[in-house]
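Overview (structure and organization)
So you can see what is in the structure, the chains are spelled out below.
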Amino acid sequence: MSATTADLRVVNAKVVTPSGTIHGGVAARDGKIVAVGSNLPDANEEIDAEGNYLVPGFIDPHVHWGLSRYEFEDYHEGLAHDFETETRGAVHGGVTTVVNFLLQRDPYLPDMEFFREVGAANSYIDFAYHAIVHQDHHVEEIEGLAEEGIRSYKVFFNWYKHASPELGIDHSDAGRTYKVLKQVAEIPNGVVMFHAENEDLAIERRKELQAEDRNDLLAWCESAPNICEAMQVEQIAQLTEFTDSRAYIVHMSTGEGVDICERYQDKGVNIHAETLPAFLSHTKHDEELGVWGKISPPLRGEASKKRLWEGLRTGVVDYLGTDHCPHKIEFKEKEKGKHGDVWEAIPGDNNGIEYFLPVMVSEGVNKNRISMERLVEVCAENNAKRWGLYPRKGALVEGSDADMVVVDLQKSAVVDDDFYHTMEPRYSTYHGKELTGLPTHTIVGGEVVVEEGELQVEKGGRDYLPRFDEGVPL
C-alpha cells in the first residue's frame, strides 16, 4: 500500500468540522484522520454517505458501568459485563468514546490496573474514567488518581443517603465540597463534578407526600422540587468562586440552575453544566412513564425544559451526557411493575447511550431547536475538551482518531425491544416513541463497527484514555 492510500474514506457527505460544515468526506489510515474535504486519497474501502451528515462520534461523559453488580453481586464482575453490553449499544447509537464513573466504597488506586484492563478487554470503544469521591479515603486519593490519568472527581452534594441507600454513597456536606474544590484547583485540567440536590429538604417533602398516600411519578418529582437543585447549585457556584476552582453540574434539570450558572459564568466563575436528553424531551406530567420515568434528579415542568434548550443554544449549558444506568427491568421496578411503587423503584434512566444521538437529532435538529453544528459541539467537541481528550477525540480534523458517524436525518425507527443492543432492552423513557434521525454507519479508529444496524467487529482491543497535565496523549 502506498503512503498516499488510505484504509477507509467516506465520501459525498456533509462533514461537520470545528470550522463549519463542508461538502466532501474524510479519509483515515492506521486509525487516524489523514484528510478532510473534497481532495481525498484513494482508499481500500469507501463508504458513500449519500449526502447525509458525517459527524465526529459522540462522547458520552456520564455513564455508570458496573451498576449491574446488583445482578452480579460484585462490582468488578458487573463492570466487565457492562463494558461489553453497554458499549455494544453505544456503537449502534453513534457514541464512540465514553467516560465512566468509578463507584465503590474501597479505595480506587489499588484497582487501577484492573480498571484499565477490564475496559480494554471488553469495550467496543475507547474509554476514560471519573472517580466518585464519597469517602474520606477517596479524597485522600485525588492526587494519586491524577497521576493515573483521572482528573475529574464527582461529589454527591448531598444526594442518595435516603434516596437510594443500597448504593452506599455517603452525604457530602459543604465542608467536604470545599476541601475537594480547593484540592482540585491545584491539579491541571482537574474538575469537580456535582450531583446537586438538597436531600435534607427532599426527605421532608417525601414524608409529606407519603403521608398523603401519594405513590406516582409526579409525587417522586414533587418530592425533590426545583429548589432542591437550585439551593445546591448556588452553594457550588459560591464555593467554586471562593476556591478559584472548576465545577461541573451533572444532569442539570431546572431552569433555575441555568439562571444561576449564567449569573456566575458572567462573573468569570468556572462553573459549567451538563443536561440529559430526558430533561429535554419529557416532563413530570408524562405519567405514562410510570417508574421508568423515575430519574434522579427528577423530571421537571415545561418551563425548565424550555430554559434548558435555551441554555444549550446560548452556551450556558455546554455539555450533554446520558447518565446511563444499566439495570434489569425487574430490579428497576423492584418486581412491582411499570406503575408499581415509585418510592421503592431504582432511580436512573436506561439505555441512554444508545438513544443519545437519535434523540438529540430527532428532538433537537429535526425540530429546529438546535443546529447540527451546535449539537456536535455539545455532544462531541466540548466533551472532548472538558475531559482532556481533544484533539484526539471530538473533531473531524487531520491527526484526530477516525471516530465518525454517518447520520441520516430522514431515517426513523420506533423505540422497541429490537431498537436496542444493550443488556436490558425492555424499557426506557423512549419506549414506544418514533425517533427520526439515525446513524447508518459508526466508525471507530478508522474501522466500520456498525453498518445499517449490523455489528461488524468483536469486543475488546480499545484504549484507556488517561488525562495528564496536557490532556490525553495523541
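The rules behind each value
- Residues numbered from 1 in each chain as written.
- Predicted model: local features only at pLDDT ≥ 70, side-chain atom pairs only at ≥ 80, totals over all residues.
- Heavy atoms only, no water.
- UniProt positions renumbered as here; feature names shortened; annotations may be inferred.
- Pairing = 2+ DSSP bridges.
- Helix = DSSP H or I, 4+ residues; strand = E, 2+ residues; numbered from the N terminus.
- Contact = heavy atoms within 4.5 Å.
- Axes fitted to C-alpha atoms, helices over the stretch in contact; angles between N-to-C directions.
- Salt bridge = Lys/Arg side-chain N within 4 Å of Asp/Glu carboxyl O.
- Buried < 20%, exposed > 50% of the residue type's maximum accessible area, 1.4 Å probe, protein only.
- 1 Å grid on protein atoms, 1.4 Å probe; cavity = no way out; pocket = protein on both sides within 12 Å on 5 of 7 lines; lining within 4 Å.
- Points joined across faces, edges and corners; volume = space filled by probe spheres on them.
- Nonpolar A, V, L, I, M, F, W, Y, C, P; charged D, E, K, R; others polar.
- Core = buried A, V, L, I, M, F, W, Y, C linked by side-chain atoms within 4.5 Å.

- The chain is annotated in an unreviewed UniProt entry as Dihydroorotase from Halogranum amylolyticum.
- Check the Sequence similarities (unreviewed entry) section of the UniProt entry for the chain; it says "Belongs to the metallo-dependent hydrolases superfamily. Hydantoinase/dihydropyrimidinase family."
- Quoted verbatim from the Cofactor (unreviewed entry) field of the UniProt record, the comment on the chain reads "Zn(2+)".

Some remarks on the sheet that holds strand E8 (residues 126-132)
- Strand order in this open sheet of eight strands is E6-E7-E8-E9-E10-E11-E12-E13, and the pairing throughout is parallel. Taken across any chain shown, the strands that pair with only one partner, and hence form the sheet edges, are strand E6 (58-63) and strand E13 (319-320).
- Taken together, the three bridges between strand E10 (residues 191-196) and strand E11 (residues 247-249) define a ladder with parallel strand orientation. Residue pairing in the sheet places Phe 194 in a bridge with Ile 249 of E11.
- Along the sheet, helix H6 (residues 174-184) contacts strand E9 (152-157), E10 and E11; its crossing angle with E10, the most-contacted strand, is approximately 155 degrees.

Here we look at the pattern of salt bridges
- Within this structure, the stated rule accounts for 29 salt bridges.
- Here Glu 241 ties to Lys 267 by a salt bridge, and the two come within 3.3 Å at their closest N and O atoms. Taken together, the positions of Glu 241 in helix H9 (residues 226-243) and Lys 267 in the loop between helix H10 (255-266) and strand E12 (271-275) put the pair 26 residues apart, joining distant regions of the chain.
- Its relative accessible area of 37% is what places Glu 241 among the partly exposed residues.
- Overall, Lys 267 belongs to the exposed group, its relative accessible area being 52%.
- Salt-bridge contacts for Glu 310 lead to Arg 307; the nearest nitrogen and oxygen are separated by 3.5 Å. With Glu 310 and Arg 307 both in helix H12 (residues 302-314) and three residues apart, the pair spans about one turn of that helix.
- With a relative accessible area of 16%, Arg 307 lands in the buried category.
- Linked by salt bridges that have partners in common, Lys 32, Asp 126, Arg 392, Lys 393, Asp 401, Asp 403 and Asp 463 make up one network.

Examining the layout of surface pockets
- The volume enclosed by the largest pocket comes to roughly 290 Å³.
- Taken together, 20 residues line the largest pocket, and the ones lying closest to its centre are His 92, Phe 419, His 421, Leu 438 and Gly 453.
- Mapped by element, the contributors of at least two residues to the lining of the largest pocket are helix H2 (75-93), helix H14 (352-365), strand E14 (404-414) and strand E15 (434-444).
- The leading source of residues in the lining of the largest pocket is E15, at five residues.
- Here the lining of the largest pocket is composed, by residue class, of seven nonpolar, eight polar and five charged.

As for unusual backbone geometry
- The omega angle of the peptide bond from Ser 296 to Pro 297 is 0 degrees, so this bond is cis rather than trans.
- As for its placement among the helices and strands, Pro 297 is situated in the loop between helix H11 (277-281) and H12.
- Going from Tyr 390 to Pro 391, the amide bond is cis rather than trans, its omega being 5 degrees.
- Position of Pro 391 relative to the elements: it lies in the loop between helix H15 (372-386) and E14.

A word on the nonpolar core
- With 126 residues, the main nonpolar core has Tyr 129, Ile 249, Met 372 and Leu 375 as its most contacted residues.
- With seven residues, the top contributor of residues to this core is H15.
- Here Leu 375 is in contact with Phe 58, Leu 320, Met 360, Val 361, Val 365 and Ile 370, once residues within four sequence places are set aside.
- The next biggest cluster of nonpolar side chains, apart from the first, holds 16 residues, and it includes Ala 13, Ile 47, Leu 396 and Ile 443.

Observations concerning the packing of H10 against H12
- At a closest axis distance of 8 Å, the pairing of H10 and H12 adopts a crossing angle of 35 degrees. Residue-level contacts link Gly 255, Glu 256, Val 258, Asp 259 and Glu 262 of H10 to Ser 304, Arg 307, Leu 308 and Gly 311 of H12.
- Of the residues that constitute the contact of H10 with H12, the class distribution is two nonpolar, three polar and four charged.

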